[in-house]
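Listed here are the chains, written in short residue letters.
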Amino acid sequence: MIATLQQTTPLKIGSVKVNSRVLQSPLSGVTDMVFRRLVRRYAPDSMLYTEMVKAKEIHHLRELPQVMNIAPDESPISIQLFDSRPDFMGEAAQKAVAEGAQTIDINMGCPVNKITKKGGGSSLLRQPEVAEAIVASVVEAVEVPVSVKTRIGWDETDINILEFAQRLENAGAQMLTLHGRTRSQGYQGNAQWHWIKQVKQILSIPVIANGDIFSVEDAVQCLEETNADGVMCSRGTLGYPFLAGEIDHFLKTGEKRPQPTPGERLTCAKQHLQGLWEYRGDRGIYQSRKHLAWYAKGFPGAAQLRDNLSQIQGLEEGLMLLDEAISQQ
Ligand SMILES: Cc1cc2nc3c(=O)[nH]c(=O)nc-3n(C[C@H](O)[C@H](O)[C@H](O)COP(=O)(O)O)c2cc1C
């Protein structure tokens, strides 16, 4: 209950006040405008994030990449950037603010080889001076608050988050989101929330707990164990854009919102498919396959439906499969 009381006050990210302590994480290939619109419907106050955007790419492209598109009604929203070059990051941050981002988030957690090899994402955990320079450069470049999302360390033998987090705060970061895994854990094993608790004890800026938040119960337990200022939902939202809203509702009211029925989830899947088609045409259809398969869970015949949905060629086919499944619920 301590956690519940704490959650009724706004989250302050520097000058930005957010009326929810439940955040929807950046998810590459997932949190585009269409997905975010669904999350927003259920979580009207939560901070949303774009997929991560490569700062260097922004420098070279004439037009901004579609991944930076945000709509005027998406507030509060942050654009997440990654790169290892402080100057590119500062420049990209200015463009992100011009697009309407209320905060800039810096990715220092991505474990993907392609990115860490070039010094970005979680490899910054091993180059704390560069990480600090990036934060300082972005803070200098923009007026909006700057946050960082990172992991607890490179591997089990090199968990350096306490020192690293302190450096980020000293460099001017206004919020830290901590995924309680090392880089070498990837997404395996448990998130080590006890590190989040320790980081929370030493920082003055808000600390957001991330990793293994799949339900209202997980969120409450995590907040109680870590004393974090909020939680960020990630894989728990794949095919389930209801999660941030469910947690937020519980933290604010102490009441559990009824979970959507399979029919309601499939109806949401239809809206997701329709939205992706309108937003990206055929590419949206290909992208929708994984989403639709994530929605089709927890009812008789779900496995077959997943199979069929993951091969759809067009909008009509997807809508027909979903309508048929809805009528059987
Ligand atoms: C498909 C996928 C894409 C992701 N993309 C991003 C990203 O663009 N930026 C980021 O900071 N983290 C990204 N992450 C990491 C998540 O935001 C989160 O930190 C991680 O999944 C841990 O939380 P969880 O255990 O609740 O899933 C991604 C994770 C997944 C599974």
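Residues numbered from 1 in each chain as written. Predicted model: local features only at pLDDT ≥ 70, side-chain atom pairs only at ≥ 80, totals over all residues. Heavy atoms only, no water.

Draft legend 1. Broad picture of the packing of helix 11 (residues 262–295) against helix 13 (residues 315–327). Running from N to C, helix 11 and helix 13 point in directions that differ by 175°, and their axes come no closer than 10 Å. As far as their axial angle goes, helix 13 and helix 11 are roughly antiparallel. Contact residues: Gly263, Leu266, Thr267, Ala269, Lys270, Leu273, Gln274, Trp277, Ile285 and Leu292 in helix 11; Leu315, Gly318, Leu319, Leu322, Asp323, Ala325 and Ile326 in helix 13. Here the residues of the contact of helix 11 with helix 13 are counted per class, giving 11 nonpolar, four polar and two charged. (Axes fitted to C-alpha atoms, helices over the stretch in contact; angles between N-to-C directions. Helix = DSSP H or I, 4+ residues; strand = E, 2+ residues; numbered from the N terminus. Parallel < 35°, antiparallel > 145°, perpendicular 65-115°, else oblique. Contact = heavy atoms within 4.5 Å. Nonpolar A, V, L, I, M, F, W, Y, C, P; charged D, E, K, R; others polar.)

Draft legend 2. Focus on the pairing of strand 8 (residues 146–153). Counting buried residues in strand 8 gives eight out of eight residues, a clear majority hidden from the surface. Summarising the sheet, strand 7 (residues 103–108) and strand 8 pair through five bridges and their orientation is parallel. Looking at the pairing, Asp105 lines up with Ser147 of strand 8. Sheet analysis places strand 8 next to strand 9 (residues 175–182), joined by six bridges and oriented parallel. Paired with Thr150 across the two strands is Leu178, which belongs to strand 9. Each parallel crossover has a hand, and the one from strand 8 via helix 7 (residues 161–171) to strand 9 is right-handed. (Buried < 20%, exposed > 50% of the residue type's maximum accessible area, 1.4 Å probe, protein only. Pairing = 2+ DSSP bridges. Right-handed = clockwise from strand over helix to strand, strands pointing away.)

Draft legend 3. Summary view of the environment of Pro300. Within the secondary structure, Pro300 sits in the loop between helix 11 and helix 12 (302–309). A sequence separation of 70 residues divides Pro300 from Gly230, and the C-alpha atoms of the two residues are 36 Å apart.

Draft legend 4. View of the domain arrangement of the chain. According to the domain assignment, the chain consists of domain 1 (2–253) and domain 2 (262–327). Computed from C-alpha atoms alone, the centre-to-centre distance between domain 1 and domain 2 is 29 Å. Taken together, the contacts link 16 residues of domain 1 with 14 residues of domain 2. It is Val34, Gln66 and Gly239 that lose the most area in domain 1 upon contact with domain 2, and together they represent 35% of the buried surface on that side. For the pair domain 1 and domain 2, the interface holds zero salt bridges. Taken together, the connections running from domain 1 to domain 2 amount to seven residue pairs in polar contact (both at pLDDT 80 or more). Taken together, the residues that form the side of domain 1 that touches domain 2 break down as 10 nonpolar, four polar and two charged. (Domains from an automatic or database assignment. Buried area = accessible area lost by both parts, 1.4 Å probe. Salt bridge = Lys/Arg side-chain N within 4 Å of Asp/Glu carboxyl O. Polar contact = N/O pair within 3.5 Å; in protein donor to acceptor, adjacent residues only side chain to side chain.)

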